[in-house]
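# Structural characterization, general
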Amino acid sequence: MVLSDRSIKEAVAQGRIVIRPWDPDMVQPASVDVHMGDSVRVFRNSRKPYIDVRQSIDDLTELIKVEGDTPFILHPGEFVLGTTQEYFELGNDLVARLEGKSSLGRLGLMIHSTAGYVDPGWKGHLTLELSNVARLPITLYSGMKIGQVSYQQLSTPADRPYGSASLGSKYQGQVEPTASRAYRDFGKK
């Protein structure tokens, strides 16, 4: 079941959903608006001949600050990682979905490729997978509305929520846009 505006506000009051900063005006009929944070992680493609998913790519990306009225310009075909301004926590009985704003999608901006799902127990800022599929550059500003998060009730609370030691959760507590940590999956049994 998708939570309505009333249910979202009740879950925030109960502490099952944490959003900081919290503004009740962010709540839409069945979602919460989220805003672009102040940093973007860009890929420096000249540093490696290819991406090996078994290796860390920390040296392949660079963190850029987006401050004030100065936009980050996302060029056609470009892919970068951004972050939400908001910090989130989810109770063990809820999942969330991150989706783009339709007004931005109509300009050619995609805010996630595959990582729109937020597990129960999540804590941190959400990483945005920003792509421009338009033929013109798109400006992105810190603090602009960038997406929306909807919430769904689980049938029972998760036995092993995200962040549980046995799961090896790779992104729990992230603050800045975080590069892929897929390499940590190799060598596991």
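Residues numbered from 1 in each chain as written. Predicted model: local features only at pLDDT ≥ 70, side-chain atom pairs only at ≥ 80, totals over all residues. Heavy atoms only, no water.

## A look at the overall build of the protein chain
Rules: Runs of H or I in DSSP of at least four residues are treated as helices and runs of E of at least two as strands, each being numbered from the N terminus. Radius of gyration here is computed from C-alpha atoms only, and the compact-globule reference equals 2.2 Å multiplied by the residue count raised to the power 0.38. Note on classification: 1.4 Å probe, protein chains only; a residue is buried when its accessible area is under 20% of the maximum for its type, exposed when over 50%, partly exposed between these limits. Here a residue-residue contact requires only that any non-hydrogen atoms of the pair lie within 4.5 Å. Only four residue types enter the tally: Lys and Arg on the positive side, Asp and Glu on the negative side, with His and both chain ends excluded. The location of each charge is read from NZ of Lys, CZ of Arg, CG of Asp or CD of Glu.
Helix and strand counts for the protein chain come out as 2 helices and 12 strands. Scanning the protein chain from its N terminus toward the C terminus, one meets helices and strands in the order α-β-β-β-β-β-β-β-α-β-β-β-β-β. Relative to the 2.2 N^0.38 estimate, which gives 16 Å for 189 residues, the radius of gyration of the protein chain is 17 Å and therefore close to what a compact globule would have. With the C-alpha coordinates aligned to their principal axes, the bounding extent of the protein chain is approximately 50 × 45 × 25 Å. Relative to its full complement of 189 residues, the protein chain shows a buried share of 42%. Pairs at least 24 residues apart make up 74% of the contacts formed inside the protein chain by residues separated by at least 6 positions. Positive and negative charge centroids in the protein chain, built from 22 and 22 side chains respectively, lie 5 Å apart.

## Quick look at empty space enclosed by the protein
Defined as follows: Points on a 1 Å grid, built from protein atoms alone, make a cavity when a 1.4 Å probe fits but cannot get out and make a pocket when they are open with protein on both sides within 12 Å along at least 5 of 7 lines; residues with an atom within 4 Å of a point are the lining residues. Grid points are joined across faces, edges and corners, and a volume is the space filled by probe spheres set on the points. When residues are sorted by character, Ala, Val, Leu, Ile, Met, Phe, Trp, Tyr, Cys and Pro go into the nonpolar class, Asp, Glu, Lys and Arg into the charged class, and all the rest, Gly among them, into the polar class.
A full pass over the atoms with the stated rule returns 1 cavity of 30 Å³ or more. Volume-wise, the largest cavity comes out at about 30 Å³. Partitioning the lining of the largest cavity into residue classes produces 7 nonpolar, no polar and no charged.

## What about the pattern of salt bridges?
Think of it this way: side chains of opposite charge can pair up when their charged atoms draw near. Just so we agree on the cut-off: Any carboxyl oxygen of Asp or Glu that lies within 4 Å of a side-chain nitrogen of Lys or Arg is treated as forming a salt bridge with it.
With the rule as written, the count across this model stands at 11 salt bridges. Among the ionic pairs, Asp33 bridges to Lys145, the shortest N-O distance being 3.4 Å. In this pair, Asp33 is assigned in strand S2 (residues 32–35) and Lys145 in strand S12 (residues 145–153), connecting sequence segments 112 residues apart. For Lys170, the salt bridge identified is with Asp185, shortest N-O distance 2.9 Å.

## Structural notes on the nonpolar core
This is how the line gets drawn: Buried Ala, Val, Leu, Ile, Met, Phe, Trp, Tyr and Cys residues form a nonpolar core when they are joined through side-chain atoms within 4.5 Å.
Formed by 37 residues in total, the largest nonpolar core has its most connected members in Ile17, Leu109, Leu130, Leu140, Ile146 and Tyr151. Those residues in contact with Leu109, other than ones at most four positions away along the chain, are Leu74, Leu104, Leu130, Ser131, Ile138, Leu140 and Ile146. Membership of the second largest hydrophobic core comes to 5 residues, among which are Phe43, Ile57, Leu60 and Ala179.

## Observations regarding the sheet that holds strand S9 (residues 117–118)
Hydrogen bonds between backbone atoms are what pair the strands of a sheet, whose relative direction is either parallel or antiparallel. Keep this limit in mind: Two strands qualify as a pair provided that DSSP identifies no fewer than 2 bridges between them.
Spatially, 4 strands are ordered S2-S12-S7-S9 in an open sheet, and the strand pairing comes out antiparallel. Every other strand in the sheet has two partners, leaving S2 and S9 as the edge strands with one partner each. The sheet contact formed by strand S7 (residues 94–100) and S9 spans 2 bridges and is antiparallel. Residue Ala96 lies in a different strand from S9, and its bridge partner there is Val118.

## Some words on helix H1 (residues 5–14)
Spelled out, the test is: Here the arc refers to the directions that run from the helix axis out to each C-beta atom.
Along H1, the positions that sit buried rather than exposed are Ile8, Ala11 and Val12. On an axial view of H1, the arc spanned by its buried residues comes to 100 degrees, and they lie on one face. Those residues of H1 that are exposed and angled more than 90 degrees off the buried face are Arg6, Ala13 and Gln14. Packing partners of the buried residues in H1 comprise strand S1 (17–20), S2 and S12.

## Observations concerning the environment of Val133
With respect to the helices, strands and loops of the structure, Val133 is situated in the loop between strand S10 (123–132) and strand S11 (138–140). Distance from Val133 to Leu74, taken between C-alpha atoms, is 10.0 Å for residues 59 residues apart in sequence. Among all residues touching Val133, those that are not within four sequence positions of it are Gly108 and Met110.

So far we have only geometry, and geometry alone does not tell us how the molecule works.
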